[in-house]
Amino acid sequence: MTSPAHPSAGHDSSPQASSTDPSARVTGAPVLLRHGAGRGTLTGVGLVLAGTVSVQFGSAFAALLFPRAGALGTVALRVTCAAVLLLAVTRPRPRGYARADWAVVGGFGLALGGMNILFYQAIDRIPLGAAVTLEVLGPLLLSVATSRRAASFLWASLALAGVYLLGSGGFDQLNAAGVAFALSAGAMWAAYIVLNARAGARFPRLDGLAIAMAVAALVSLPLGIGASGAALLEPGTLALGLVIAVLSSGVPYTLELLALRRLPAATFAVLTSLAPAVAAMAGYLILDQGLSLPQCAAIALVVAASVGALRTGRR
């Protein structure tokens, strides 16, 4: 894992190890890196986009597992497998942290677990593209709330228009509980963005993410066992659960943690508005969900808003 200028093996858990005050990432203030600001920003953008593709295609594959393991069982497999993999790789050391550090990483884990549980409940009731369209409202509202530039409101509004257009064709036919779960997942997503940045500033390497994933597993595993029982231990279910864990948790959350060390939270939040477009593509390729012309136009709006927000954030 790398920081904008050098390997993050040297990324200390203290704030001084960051290129700037970590609060700049949370408030959305411009992040000025000591070395190669432009290169670091472009790297951060690439990390966010790669993470978005991975998590949305992972969600599409997860929907295929619902008939075997159910929504709660799938979440349990995804998060627990990801936690085991991350803990084995990072081997975080529990010593040397203050109570405030544990409070941050614990909150990060609760947001992570809650986001996954609520989102999978949503896609068990409504189509993937619509669920992500509703969920992304959380990060969009975060981008507006944390921005200090008037232009950010314009880009967020444009992205919101794209999000609405992407799902407006079928919102009147959506399951009400599914809509509520998706909106709640969006609120958890916004909390995840903020707490991810703070945990990344307090814990070295991927230690904070590994600990948070373990907390999320402790939350989701009892629910999954209670809902699915022995079905979770079937070889085919376990194998697919491992693939989903890598695609939907291990890869994207690692990339997002790295990205949040390069980008302000507001820029990151607006870039995640690409998620509905990627989800629609994953739904088309994996779940045979087609795209209408209005949905294609919505994708263009969201992409334009994301690029505009990025250019605004770099000025």
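**Q** Looking at this structure, I do not really get the packing of aromatic side chains. What am I missing?
**A** Both the distance between ring centres and the angle between the ring planes are used here to describe each pair of aromatic rings. Using the criterion set out here, one finds 6 aromatic pairs in the structure. Of the aromatic side chains, those joined through ring pairs into one cluster are Phe66, Phe119 and Tyr120.

**Q** When you look at the pattern of salt bridges in this model, what are you seeing that I'm missing?
**A** Pairing of side chains with opposite charge becomes possible as their charged atoms draw close. Under the counting rule described, the total for this entry stands at 1 salt bridge. The partner of Asp101 in a salt bridge is Arg202, and the shortest N-O contact between them spans 2.5 Å. Highlighted residues: Asp101 in helix H3 (residues 99–123) and Arg202 in helix H7 (residues 176–202), separated in sequence by 101 residues.

**Q** Explanation requested: H3 in the structure shown.
**A** Helical geometry note: an α-helix holds 3.6 residues per turn, so side chains three or four residues apart project in the same direction. Taking 1.5 Å of rise per residue, 25 residues should cover 36 Å, and H3 covers 36 Å from first to last C-alpha, within 8% of that figure. The buried count for H3 comes to 19 of 25 residues, which makes it a mostly enclosed element.

**Q** Please clarify how empty space enclosed by the protein should be interpreted in this entry.
**A** Rolled over the atoms, a probe as big as a water molecule pinpoints where empty space is left. What the rule picks out here adds up to 1 cavity of 30 Å³ or more. One number sums up the size of the largest cavity: a volume of about 200 Å³. Lining the largest cavity are 15 residues, and of these Val55, Gln56, Met115, Glu135 and Trp189 sit closest to its centre. Elements represented by at least two residues in the lining of the largest cavity include exactly helix H2 (37–90), H3, H7 and helix H9 (235–260). A per-element tally of the lining of the largest cavity places H2 first, with 5 residues. Split into classes, the residues belonging to the lining of the largest cavity amount to 7 nonpolar, 5 polar and 3 charged.

**Q** What exactly am I supposed to notice about a nonpolar patch on the surface here?
**A** A contiguous nonpolar patch, built from Leu85, Leu242, Val246 and Val251 and spanning about 280 Å² of accessible area, is present on the exposed surface. Sorting elements by how many residues they give to the nonpolar patch places H9 first, with 3 residues. Topologically, Val251 is positioned in helix H9. With relative accessibility at 34%, the residue Val251 sits in the partly exposed group.

**Q** I keep staring at H9 and nothing clicks. Help me out?
**A** For H9, which comprises 26 residues, the first-to-last C-alpha distance of 36 Å matches the rise-based estimate of 38 Å (1.5 Å per residue) to within 8%. Considering bend angle alone, the principal kink of H9 is centred on Val246 and spans about 40°.

**Q** Can you walk me through the side chain of Asn116 in this structure?
**A** One can find Asn116 in helix H3. Owing to a relative accessible area of 3%, Asn116 belongs among the buried residues under this scheme. Setting aside chain neighbours within four positions, we find Asn116 in contact with Val75, Arg78, Val79 and Tyr253.

The rules behind these values
- Residues numbered from 1 in each chain as written.
- Predicted model: local features only at pLDDT ≥ 70, side-chain atom pairs only at ≥ 80, totals over all residues.
- Heavy atoms only, no water.
- Phe/Tyr/Trp six-rings, centres within 6.5 Å; stacked < 30°, edge-to-face > 60°.
- Salt bridge = Lys/Arg side-chain N within 4 Å of Asp/Glu carboxyl O.
- Helix = DSSP H or I, 4+ residues; strand = E, 2+ residues; numbered from the N terminus.
- Expected span 1.5 Å × (residues − 1).
- Buried < 20%, exposed > 50% of the residue type's maximum accessible area, 1.4 Å probe, protein only.
- 1 Å grid on protein atoms, 1.4 Å probe; cavity = no way out; pocket = protein on both sides within 12 Å on 5 of 7 lines; lining within 4 Å.
- Points joined across faces, edges and corners; volume = space filled by probe spheres on them.
- Nonpolar A, V, L, I, M, F, W, Y, C, P; charged D, E, K, R; others polar.
- Patch = residues over 30% accessible without salt bridge, like charges linked within 9 Å, V, L, I, M, F, W, Y side chains within 5 Å.
- Areas by Shrake-Rupley, 256 points an atom, 1.4 Å probe, with all protein chains shown as cover.
- Bend = angle between axes of the 7 residues up to and from the residue.
- Contact = heavy atoms within 4.5 Å.

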